[in-house]
Amino acid sequence: MLRQPRLARAAVLFALVSPLAAADTLVFTAIPDEDETRLQQRFQAVADYLADELDVDVRFIPVTSYAASVTAFRNNQVQLAWFGGFTGVQARELVPGSQAIAQGAEDPEYKSYFIANQATGIEPVESDTAPEALKGLTFTFGSQSSTSGRLMPEYFLTRDLGASPNALFERVGYSGNHSRTVSLVQSGAYQAGVLSYTAWENEVDQGNVDPERVQVVWESPTYPDYHWTVRGDVDERFGEGFTERLKQALIDMDDPDLLASFPRSGFIPASNEDFQPIHDVAVSLDLL
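Residues numbered from 1 in each chain as written. Predicted model: local features only at pLDDT ≥ 70, side-chain atom pairs only at ≥ 80, totals over all residues. Heavy atoms only, no water.

Chemist: Any chance you could explain the nonpolar core here in plain terms?
Modeler: Buried together is how nonpolar side chains tend to be arranged in soluble globular proteins. Ranked by internal contacts, the top residues of the largest apolar core, which has 87 residues, are Phe43, Leu50, Leu157, Trp228 and Leu246. The contact partners of leucine 50, leaving out residues within four places of it in the chain, are Asp55, Val58, Leu80, Leu246, Ala249 and Leu250. (Core = buried A, V, L, I, M, F, W, Y, C linked by side-chain atoms within 4.5 Å. Buried < 20%, exposed > 50% of the residue type's maximum accessible area, 1.4 Å probe, protein only. Contact = heavy atoms within 4.5 Å.)

Chemist: What's the story with the packing of aromatic side chains in this structure? I'm lost.
Modeler: Geometry of an aromatic ring pair is reported as the spacing of the ring centres plus the angle between the planes. Evaluated as defined, the whole model comprises 26 aromatic pairs. Here tryptophan 82 and phenylalanine 267 contribute two aromatic rings whose centre-to-centre distance is 5.8 Å and whose plane-to-plane angle is 90°, an arrangement assigned as edge-to-face. Of this pair, tryptophan 82 sits in strand 3 (residues 80-83) while phenylalanine 267 sits in strand 11 (residues 267-269), and the two are 185 residues apart along the sequence. Overall, the relative accessible area of 1% leaves tryptophan 82 in the buried class. The ring of tyrosine 197 carries lysine 111 above its face, with NZ or CZ at 5.1 Å from the centroid. Taking the ring centre of tyrosine 190 as reference, the NZ or CZ of arginine 171 above it sits at 4.4 Å. (Phe/Tyr/Trp six-rings, centres within 6.5 Å; stacked < 30°, edge-to-face > 60°. Helix = DSSP H or I, 4+ residues; strand = E, 2+ residues; numbered from the N terminus. Lys NZ or Arg CZ within 6 Å of the ring centre and 35° of its normal.)

Chemist: Help me understand the pairing of strand 2 (residues 57-60) in this model?
Modeler: Burial along strand 2 is one-sided: Val58 and Phe60 are buried, while Asp57 and Arg59, pointing the other way, are not. Strand direction decides the pairing type here: strand 1 (residues 25-30) and strand 2, joined by four bridges, are parallel. Across the sheet, valine 27 pairs through a bridge with arginine 59, a residue of strand 2. (Pairing = 2+ DSSP bridges.)

And the structure:
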């Protein structure tokens with residue numbers, strides 16, 4: 001079972017919506033893997049698209065943390081969420097009947113980038129195992145509930161280097177999101193860290209990465225990650241067949257601007273079974 005105190009402490013950034021309020025509005029959220037301004041820009045356009053496709057009011061609500069997205073889903077304050085692999089598993093454990101319905105075309109083979117400040121002198125390696133040179137550094141993960149920024153990296157580190165992060169590193173931190181991880185490692189506040197490969201590429205595209213100060217030193221093996229999960233009771237609320245219509249609307253999304261905001265080349269069907277490997281890793285690390 002999910003540890004409840006961690007969720008109970010999660011602060012939600014919006015005025016909480018009663019499950020009985022705005023019964024004809026589909027409310028969705030997304031894990032805050034980047035800063036709030038970017039998230040609002042990304043997902044308001046998605047809300048408009050879904051409203052047109054589904055002929056219902058659709059509202060995007062930001063949250064302050066990964067745990068808050070799970071809390072909002074559990075409490076029926078949102079009915080749909082763009083989750084990472086781990087937060088999706090957590091949410092479906094708490095809300096029986098919920099379904100993973102779509103994922104990015106890239107998401108079945110997602111990966112993490114381990115980055116290091118150039119002052120460490122660590123050279124990039126191409127290997128199936130995490131580099132020994134990371135041992136003894138200060139290291140930051142992203143959110144504690146991030147699949148690409150914590151769960152799978154912790155699994156690879158423990159598997160490959162033979163110890164937990166607290167034993168491997170001089171100091172371990174949690175930045176809260178991928179953008180902040182880049183900033184902390186680039187500034188030297190931490191010598192190394194790990195984040196989503198798409199978030200790294202987005203930071204590069206935004207001009208936020210100075211290659212003279214920070215670089216990718218290892219690319220992890222792949223695993224399933226981001227996806228859309230919907231509550232199992234939405235058909236009762238919005239009409240028979242609504243889940244399938246929602247799934248199809250996501251898969252049919254082909255506007256390059258909308259897709260670039262994720263960024264994804266398109267969406268494909270997903271099922272709960274696709275994320276069993278994430279569930280198993282979380283159990284093995286005693287995080288679920």
